[in-house]
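A structural walkthrough
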Protein chains: 2
Amino acid sequence: MTQKKDEILYERAKKVLPGGASRNQVLRQPHPVYAASASGSYLIDVNGKQYIDFSANIGSLIHGHAHPKIIEAAYEQMKKGTAYMVATEIEVEYAEYMINRIKSFEKIRFLNSGTEAVMHLTKVARAFTGRPKIAKCEGAYHGTYDVIEVSQKPNPNTWGDKKRPNSVPHTAGVPKGVLDSVIIVPFNDIENTINILEANKDDLACIIIDPMPHRINMLPASQEYVNTIYDWTRKNGSLFCFDEVITFRVHYSGMQECYKVQPDLTALGKIIGGGFPIGAFGGRDDIMEVLDPICQYYKYPLSGTFSANPISLTAGLTAMKLFEQDAVNNLNALSDKARSLISEAIKIAQVPISMSGEGSIIRLHFADRVPMDYRENYYNELNQKEAIKRFLDYLYDHGIICVNSLTFFLNTTMTDKEINILADTLLDAFKEVKPYIK
Amino acid sequence: MTQKKDEILYERAKKVLPGGASRNQVLRQPHPVYAASASGSYLIDVNGKQYIDFSANIGSLIHGHAHPKIIEAAYEQMKKGTAYMVATEIEVEYAEYMINRIKSFEKIRFLNSGTEAVMHLTKVARAFTGRPKIAKCEGAYHGTYDVIEVSQKPNPNTWGDKKRPNSVPHTAGVPKGVLDSVIIVPFNDIENTINILEANKDDLACIIIDPMPHRINMLPASQEYVNTIYDWTRKNGSLFCFDEVITFRVHYSGMQECYKVQPDLTALGKIIGGGFPIGAFGGRDDIMEVLDPICQYYKYPLSGTFSANPISLTAGLTAMKLFEQDAVNNLNALSDKARSLISEAIKIAQVPISMSGEGSIIRLHFADRVPMDYRENYYNELNQKEAIKRFLDYLYDHGIICVNSLTFFLNTTMTDKEINILADTLLDAFKEVKPYIK
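Residues numbered from 1 in each chain as written. Chains lettered and ligands numbered in written order. Predicted model: local features only at pLDDT ≥ 70, side-chain atom pairs only at ≥ 80, totals over all residues. Heavy atoms only, no water.

1. Quick word on the overall build of chain A
Looking only at helices and strands, one finds 15 helices and 15 strands in chain A. The globule rule puts the C-alpha radius of gyration for 438 residues at 22 Å, and the 22 Å found for chain A is close to it. Structurally, chain A occupies a C-alpha span of about 70 × 55 × 45 Å along its principal axes. Classification of the 438 residues of chain A by burial places 67% in the buried group. Once local pairs closer than 6 in sequence are excluded, the contacts in chain A between residues at least 24 apart make up 69%. When the accessible surface of chain A is totalled, it reaches about 14,800 Å², and 49% of it is carbon and sulfur. If you average the places of the 48 positive and of the 51 negative side-chain charges in chain A, the two averages end up 4 Å apart. (Helix = DSSP H or I, 4+ residues; strand = E, 2+ residues; numbered from the N terminus. Rg over C-alpha atoms; globule rule 2.2 N^0.38 Å. Buried < 20%, exposed > 50% of the residue type's maximum accessible area, 1.4 Å probe, protein only. Contact = heavy atoms within 4.5 Å. Areas by Shrake-Rupley, 256 points an atom, 1.4 Å probe, with all protein chains shown as cover. Lys, Arg positive; Asp, Glu negative; His and termini not counted. Charge placed at Lys NZ, Arg CZ, Asp CG, Glu CD.)

2. Section: the relation of the copies chain B and chain A
Least-squares fitting of chain B to chain A yields an RMSD of 0.0 Å, with the superposition described by an axial translation of 0.0 Å and a rotation of 180°. Look at the turn and shift together and you get a two-fold axis relating the two. Closest approach to the rotation axis among the C-alpha atoms of chain B is made by Gly 177 of chain B, whose C-alpha sits 1.7 Å away. Residue by residue, 100% of the interface of chain B is reproduced at the interface of chain A, so both copies engage with the same surface. (Least-squares fit on C-alpha atoms with pLDDT ≥ 70 in both.)

3. Considerations on the sheet that holds strand β5 (residues 107-111) of chain A
Residues and elements named next belong to chain A. With respect to topology, 7 strands assemble into an open sheet ordered β5-β11-β10-β9-β8-β6-β7, the strand pairing being mixed. Since the sheet does not close on itself, it has two edges, and those belong to β5 and β7 (182-185), each with one partner. Neighbour to neighbour, the strand axes of the sheet diverge by 20° on average, direction disregarded. Summarising the sheet, strand β6 (residues 133-137) and strand β8 (residues 204-209) pair through 4 bridges and their orientation is parallel. Counted as the bridge partner of Lys 133 is Leu 204 from β8. Taken strand by strand, helix α4 (residues 89-101) contacts β5 and β10 (265-269), and its axis lies near 125° from that of β5. Contacting β6, β7 and β8, helix α8 (residues 190-199) crosses the sheet at an angle of about 160° to β7. (Pairing = 2+ DSSP bridges. Axes fitted to C-alpha atoms, helices over the stretch in contact; angles between N-to-C directions.)

4. Section: the domain arrangement of chain A
All names here are of chain A. Domain parsing of chain A yields domain 1 (33-62 + 324-436) and domain 2 (68-322). Put simply, the middle of domain 1 and the middle of domain 2, counted by C-alpha atoms, are 26 Å apart. Across the boundary between the two partners, domain 1 contributes 33 residues, which contact 35 residues of domain 2. Taken over both partners, the interface formed by domain 1 and domain 2 buries close to 2,800 Å², and the fraction arising from carbon and sulfur atoms is 56%. When the buried surface of domain 1 facing domain 2 is broken down by residue, Glu 324, Tyr 374 and Arg 375 rank first, second and third, together holding 29% of it. (Domains from an automatic or database assignment. Buried area = accessible area lost by both parts, 1.4 Å probe.)

5. As for the sheet that holds strand β13 (residues 361-365) of chain B
All names here are of chain B. On the basis of which strands lie adjacent, the open sheet formed by 3 strands has the order β12-β13-β15 and antiparallel pairing. In this open sheet, the two edge strands, each paired with only one partner strand, are β12 (354-356) and β15 (407-409). Shown here is a sheet whose adjacent strand axes are inclined to one another by a mean of 25°, direction ignored. For β12 and β13, the ladder comprises 3 bridges, and the chain directions are antiparallel. Looking across to β13, one finds that Ser 354 is bridged to His 365.

6. A short note on the pattern of salt bridges
Residues and elements named next belong to chain A. Taken as a whole, this structure holds 42 salt bridges over all chains when the rule is applied. Between Glu 386 and Arg 390 there is a salt bridge, and its shortest N-O distance comes to 2.5 Å. One end of the pair, Glu 386, and the other, Arg 390, are both in helix α14 (residues 385-397), 4 residues apart, so they sit about a helical turn from each other. Classification of Glu 386 as partly exposed rests on a relative accessible area of 38%. Through salt bridges with shared partners, one network takes in Arg 234, Asp 264, Arg 284 and Asp 286. (Salt bridge = Lys/Arg side-chain N within 4 Å of Asp/Glu carboxyl O.)

7. A closer look at the pairing of strand β1 (residues 34-39) of chain A
The pairing of β1 of chain A with strand β4 (residues 87-88) of chain B spans 2 bridges and is parallel. Paired with Ala 35 of chain A across the strands is Thr 88 of chain B, a residue of β4 of chain B. Bridging between β1 of chain A and strand β2 (residues 42-45) of chain A involves 4 bridges; their strand directions are antiparallel. Among the inter-strand pairings, Ser 39 of chain A is bridged to a residue of β2 of chain A, identified as Tyr 42 of chain A.

Here's what the structure looks like:
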């Protein structure tokens with residue numbers, strides 16, 4: 001029997017890449033899918049099989065793959081250079097654009113990834129306040145900086161009391177001093193969050209919140225939770241920070257436009273690079289001054305070889321100009337239509353499946369209602385492991401790519417056609433795995 | 001008087017970017033240079049002024065700006081997509097290529113920047129050994145991860161005893177637990193380095209060395225220093241790591257080919273992205289296994305939205321294939337010729353200026369011999385501040401861009417023409433600033 005191209009590639013990959021993959025996210029059994037090319041919502045693998053891609057590279061492609069206007073803009077810039085040690089007009093233009101678009105932004109700094117964005121936001125908060133600790137929500141993912149990784153995926157053996165969660169290392173060998181600098185709070189639990197913040201109020205540089213955390217079931221932070229924490233930070237000299245690396249796509253100015261209060265600092269990434277590597281953070285002028293080498297409040301030297309490179313910025317600004325209010329509204333309307341179709345499919349299949357997410361993000365849960373917090377979801381996913389695995393396999397087999405968390409990211413090149421195929425395929429998948437749902 | 005374009009851009013920039021710049025490195029008085037376009041070794045600013053660019057975006061452009069073969073390869077890939085959530089053939093190809101090129105590499109992982117590369121190398125060393133501390137050299141730059149940033153730029157008020165340097169925070173607000181996890185050793189000082197390592201031997205995950213650290217005067221690590229530390233790590237269960245983000249350009253396999261011993265892990269970045277954002281680290285198979293989700297030694301979950309994106313990898317592999325042994329030899333020969341011309345200019349001008357660096361990296365020092373260590377250089381640069389400032393201004397005014405440390409990175413598109421212009425301009429600059437050299 002002749003080996004398929006992807007089988008051969010994976011054999012080679014296992015010899016040179018740990019686990020045979022450059023990113024854990026791509027791993028599948030018996031081997032990953034290998035992309036040959038992609039355009040808009042469609043991806044073709046090395047065997048010639050076509051998929052509709054609802055992963056959008058983990059939400060980062062708001063206009064799907066290889067949008068012609070983005071590619072041509074990037075190509076025009078590439079011919080003039082991809083990176084300089086001097087400044088560029090595009091960094092000024094894009095900064096002006098974002099500050100105009102996001103109410104809470106007075107200044108912005110561009111970096112290379114969401115991980116870099118959150119790391120520097122965290123360090124800037126510490127530099128500005130002179131305080132060593134940060135608070136984050138149990139189970140929230142904010143990139144791979146070790147401080148912010150703490151308690152990203154704790155388990156019942158490690159997580160401790162729900163009202164006062166432990167700071168659990170995400171990787172082996174994390175120094176105790178790193179762990180001690182991170183306070184873990186329970187998402188959307190006002191009383192216990194405030195109790196924990198109070199116990200650390202003199203040491204706390206910031207609390208960082210993803211307003212709809214991917215790993216906490218794509219549940220929105222409640223208005224009251226956000227307001228109460230914001231008020232607490234005003235009284236106690238901490239900064240109130242958002243991670244909108246994923247959620248910026250949900251509304252014209254990100255999820256933050258849904259709340260009465262504004263974050264002091266916000267981290268961005270993913271869609272703002274137009275498909276190229278990017279991160280950024282921005283916010284209050286007086287805080288961002290710690291980055292200014294000619295300011296008396298300068299406390300935070302920061303350069304970066306590829307930061308603000310003109311390719312990522314040109315592609316990113318082009319993508320953002322193609323994703324203004326009307327485009328956001330259209331995409332969210334299509335996404336709501338997809339939600340209706342999926343609800344219908346759930347009813348027809350009579351399966352205990354629920355949905356979370358907002359705007360162009362849809363997440364499925366193998367539970368009759370969305371799990372309330374990280375811990376409930378942990379048990380649910382463990383319980384439904386077999387059904388989820390079969391479900392994902394069915395989708396891949398039938399030409400649908402989504403994120404392994406069962407998250408579907410829609411993009412502006414999608415139409416009724418793609419969401420109808422999605423709903424039809426989901427209905428078949430629901431029926432197929434129904435016997436395995438516990 | 002009409003304002004020039006760069007003056008207008010900087011006025012706008014100051015309103016939206018802290019300090020008016022996206023990277024501290026680009027700041028100049030009264031305003032940064034703004035690039036309009038660049039090709040090979042030449043850069044044209046928004047006022048139409050032409051420069052020869054010896055910065056190579058801090059050494060990252062081994063073939064100068066917008067090399068046609070790299071740009072066309074990247075463009076071909078862009079039309080097929082810039083980033084997928086699935087695997088690609090190019091990640092396998094490039095991994096195989098690097099493992100073939102670098103003797104110490106058995107496995108490799110791609111990331112988005114040198115900062116990410118060093119951060120994950122450090123964290124992997126901790127995960128593999130289960131130990132919390134790392135050792136680095138006083139004054140060495142390894143990116144902007146807070147642990148590795150410690151003592152990057154200490155001063156006489158903070159640095160403590162030379163034989164046992166303090167761990168000095170680089171930015172404000174660094175938690176004590178982070179500082180305590182970093183041991184600082186004096187570069188090329190065998191006796192004191194070993195004493196310090198000995199005092200921490202049970203806690204030390206790794207020692208990380210840049211074999212020719214930019215911020216320690218571009219002095220190569222001595223054979224004896226490297227050998228002695230390597231031997232010490234073999235006896236004491238620590239990993240021996242190199243940061244070759246900058247120095248990889250010096251030889252076909254980086255500076256490590258000059259030493260008898262091989263690093264366990266090495267961080268890469270800059271030139272391996274062909275001008276696009278990249279980082280990578282690689283080394284021993286048994287260590288890299290901690291990254292493998294399907295291995296029993298899995299201890300380190302790591303993904304990354306833009307990591308191993310096919311644009312950076314396509315551009316990077318194209319660049320590396322254009323920089324094999326012959327190209328390295330040619331560039332280094334041209335660089336040696338530049339060294340001779342600069343030596344000649346120093347003699348003619350009768351100035352107390354010395355040179356360090358190796359291969360395609362040339363660094364000038366305003367001192368009759370290269371400062372021996374970080375501290376000597378600190379005092380020397382402080383002392384020569386006025387002369388250095390005038391020197392840099394003269395070079396920029398006369399169409400030469402270099403790194404502010406007075407480092408010149410040559411690239412493969414350079415010929416006798418560019419190094420002759422460099423030597424002539426340096427001679428004039430030497431004469432110009434001679435009265436200001438102390």
